[in-house]
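# An overview of the molecular structure
Take a look at the letters that make up each chain.
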Amino acid sequence: MNLVNGEILGAKECDVVLEKLEQYILNTLSKERLSSEKVIAACGKVASELDVSEYMDIIRELGIDEALARRYIDDFRNAFGEERLRRRVEVELGSMVGGQVLPLGVLVHIAAGNVDGLPAFSVLEGLLAGNINILKLPAAEGGISVRLLTELIKAEPILAEYIYVFDYSSKDIEHMERLISAADAVVVWGGKEAVSALRRIVPPNVRLIEWGHKISFAYVTEQGITEKGLEGLAKNIADTGQLLCSSLQGIFLDTDDMDKVYEFCSRFLPILSRQLAKHAMKTGIGIKYQTALKLYAEELEGIYKNSRIFKADNCSLIAYPDKILDTSIQFGNAWVRPLPHLELLPVLRPYKNYLQTVGLLCDPSELQLLTDTLFKTGVVRICKGENMSSDHSDAPHDGEYPLRRYTKIVTVDEFL
Amino acid sequence: MNYGHRLFFKRDIYSLKKTDKLFHRAILENIEHHRNNCPDYAKILSRQGFSVNDVETIDDIYKIPVIPTLFLKNHALYSAPQKNLMLKSTTSGTSGRVSEMALDLSSAWRGLGMVLGTFLTHKIASPHPANYIVLGYQPSKRNKIGAVKTAYATTYAAPGIHREYALKDTGTEYILNMEGIKDALLRYEKRGLPVRFIGFPAYFMFLLRELIDSGIKLKLHPKSLILLAGGWKSFLAEEVDKPTLYEMSREILGLGGDRIREFFGAVEHPIAYFDCPNHHFHVPIYSRVIIRDLNMQPVGCGVPGMLNLITPMMTSMPFASVMTDDLAVMHPGEKCGCGISSPYFEVLGRVGLADIKTCAANASELLDIKKGGAL
């Protein structure tokens, strides 16, 4: 689906638009700058009037689990809330000393991710920073983004000329290059493949803003183990289904002794099981089968990996003797591995560009050294287990403030 | 290896009851063979605490440790020396990772018995010459995908006069040969010989749409056959609605649902399942099918679960009992009404959420680091 000036267009009409794109943009740029307050008010309206059942239908049609769908919608409402957006603008763009913060101009967003409304969300961040936004839709996203953006335009018609959506395939190099030629910066979301493909077509002088996939884990020292701390880790696993980039995938223990690892698993398993019984996201039957199948396959992998599985009714912990950072089976199935603190840097450094959040359980006396070492490995956020995925509106994402990345700081001499 | 050979050359391919004893002996013989020849398989059996004594009758075969295809995509297990392997295949790899499969002489011999039994029972084999439309890749030395070989092998079920391929090998690459297919169909119609189509339902649908767009309408020989590899290989993105497909085929080719036959098999379980006149996949004597719940326990008819396929066919690889990543349900044979007494299964879809993309880094990216990193 293509969206230009608030209207849905067919492929042929889009070609005409593309011919005149530069002219349209000049026209918009010559007008008064977009105020973030107008964007925020429109978002508030969309969030409060959101027809949940309609979105549930679309997401269901994409074959997505209902519990996940509900979670996405909640997240989305949260992110579009007026309070939160106002706070973000204040924190991310306010208090600039020695310059003025202005939009970059035109952002081209290349979004992956098919259900979380992420493409629309990326555009929203661009709007908040005052940019004109051109969104290239990911394949098979079910029309969620266009619907949201259309509603945003309905709530605030001024936004119409700040939002373009095109449905070209990433492989359609000719059209992609056309779009990119209009951009001050290209924003790309997605895995390694998506980013590398884009790097080949973005010219060297155009800014490329990457939001890559990330992974998070817990680090636990012997002195740091408390019932409450462990509950916090379990809570993150239960609440997020281990699906987010900030979700705990596994736990590294500050030890080289596998017996200690097994001991930890025996202690943590009932805590995890209890939390899951209380809070688990309700997953559909398809996910339950997939998880059971993966867990069973992992059981067989034991003949190669020398791993040991600790199983409860609703969850599992797999103890591995190796020192690898890995995605978990998810949905209540985490790994546990030994990693003495002296080896943190050499073992985790190769993953530097993937590291995000660490849930840390340690003694206060160990805190300084551990946080310092973890940041050196590439980690950008350290917190208690229960806060790993909590939404702090003023917290940076992946070590950056998105809105700041979408702006520039300009200065003018004092002429008078 | 006597029990296995005997099983695969039985003529009455749907009388499960009569072959229960033989199947039981053959599967135990097969497991013993793999245990002795595949050290990794032996390790799995012992890790799962399995003993052949646990399988006293055919009703106990669910106790045989199941190997998920997910596991086989990471590990190629062989029970025969490399020099004895022939007919190597890989899966078409919809998930990116591929499974390997290779037959040794003994597995291939059983496969031949099965193909004969199946083709004769389903009257697929015919002495009358036919022209072929293969909706897939032209075989070549470079292409090891299992489906190519199945498609090619199937073109020998009736003597072939001419074969036209949808994806033609130019020597360096494959090109879509839609014009060639259209020309061939027009020629085939004039010749008046039966035509045989072989391919996936989605490809066949694509062909029909192409013919509609080009304004081509044919009346092919009424003994013509359309053989479609169905089941879990169907393309989920464009699920083909069967009645619609049959109706389009009748309209465009003059061949309705009664001339369309579906079959499927998996690389890890190379048993040919052909559909009956009511388009159901009944279990033949060569295999047994068990549906399992979340705890890997077997469930009865009518209850959906994971699809576990058991066969003693393979001597080259320990694929005695494999679990696909499909959800399926069993039905009693009598429910079908076609006269075949053996139960049939219906594939409901794949497990899980393969299509969901979340922001958590995926395993393959991290794996690259693991391989490249100094860990």
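Use the structure listed above.
Attention shifts here to the overall build of chain A. Check the secondary structure of chain A and you find 15 helices and 16 strands. Against the 2.2 N^0.38 benchmark of 22 Å for 416 residues, chain A shows a C-alpha radius of gyration of 23 Å, consistent with a compact globule. Projected onto its principal axes, the C-alpha coordinates of chain A cover approximately 70 × 55 × 40 Å. Contacts in chain A between residues far apart in sequence, at least 24 positions, make up 77% of those at least 6 positions apart.

With that settled, the discussion passes to the nonpolar core. Within the largest apolar cluster, 93 residues are counted, with the highest numbers of intra-cluster contacts made by Leu293(A) and Leu135(B). Leave out the neighbours within four places in its chain, and Leu293(A) touches Pro68(B), Leu70(B), Met306(B), Met323(B), Asp325(B) and Val351(B). Membership of the second largest hydrophobic core comes to 62 residues, among which are Val106(A), Phe121(A), Val123(A) and Leu149(A).

Okay, the sheet that holds strand E5 (residues 160–169) of chain B next. Residues and elements named next belong to chain B. Spatially, E6-E5-E4-E7-E8-E9-E10 is the arrangement adopted by the seven strands of the open sheet, whose pairing is mixed. If you trace the sheet from one side to the other, it starts and ends with strand E6 (174–176) and strand E10 (269–274), each paired once. With direction set aside, neighbouring strand axes in the sheet form an average angle of 25 degrees. Of the strand pairs in this sheet, strand E9 (residues 260–266) and E10 are connected by three bridges, and their pairing is antiparallel. Bridging across to E10, Ala266 finds its partner in His269.

All names here are of chain A. Counting buried positions along strand E10 (residues 248–253) gives six out of six residues, so the element sits mostly inside the fold. With four bridges connecting them, strand E9 (residues 215–220) and E10 associate as parallel partners. The partner of Val220 across the bridge, within E10, is Leu253. Regarding topology, helix H10 (residues 227–240) serves as the crossover connection from E9 to the parallel E10, and that connection is right-handed. As defined by bridge partners, E10 adjoins strand E13 (residues 333–338) across four bridges and the pair is classed as parallel. Bridge assignment links Leu253 to a residue of E13, and that residue is Pro338.

What counts, and where the lines are drawn
- Going along each chain's sequence as written, the residues are numbered from 1 onward.
- Lettering for chains starts from A, numbering for ligands starts from 1, and both go in the order in which the items are written.
- With the structure being a predicted model, the display of local features is reserved for residues of pLDDT at least 70 and the display and counting of side-chain atom pairs for 80 or more, all residues being used for whole-chain, interface and lining totals.
- A helix here means a DSSP run of H or I that spans at least four residues, while a strand means a run of E at least two residues long, and both kinds are numbered starting from the N terminus.
- Taken over C-alpha atoms, the radius of gyration is set against a globule rule of 2.2 Å times the number of residues to the power 0.38.
- Note on contacts: each residue gets a C-beta atom placed from the backbone, and two residues are in contact if those atoms are within 7 Å.
- Joining buried Ala, Val, Leu, Ile, Met, Phe, Trp, Tyr and Cys residues through C-beta atoms within 7 Å gives a set, and that set is a nonpolar core.
- The burial label depends on the number of other C-beta atoms within 10 Å of a residue's C-beta. Counts of 20 or more mean buried, 12 or fewer mean exposed, and intermediate counts mean partly exposed, with C-beta atoms placed from the backbone.
- Pairs of strands are assigned from DSSP output, requiring at least two bridges between the strands.
- Every axis in this analysis is a line fitted to C-alpha atoms, fitted for helices over the stretch in contact. Angles between the N-to-C directions lie between 0 and 180 degrees.
- With the strands pointing away from the viewer, any crossover whose connection runs clockwise from the first strand over the helix to the second is right-handed.

In short, shape yes, function no, at least from these values alone.
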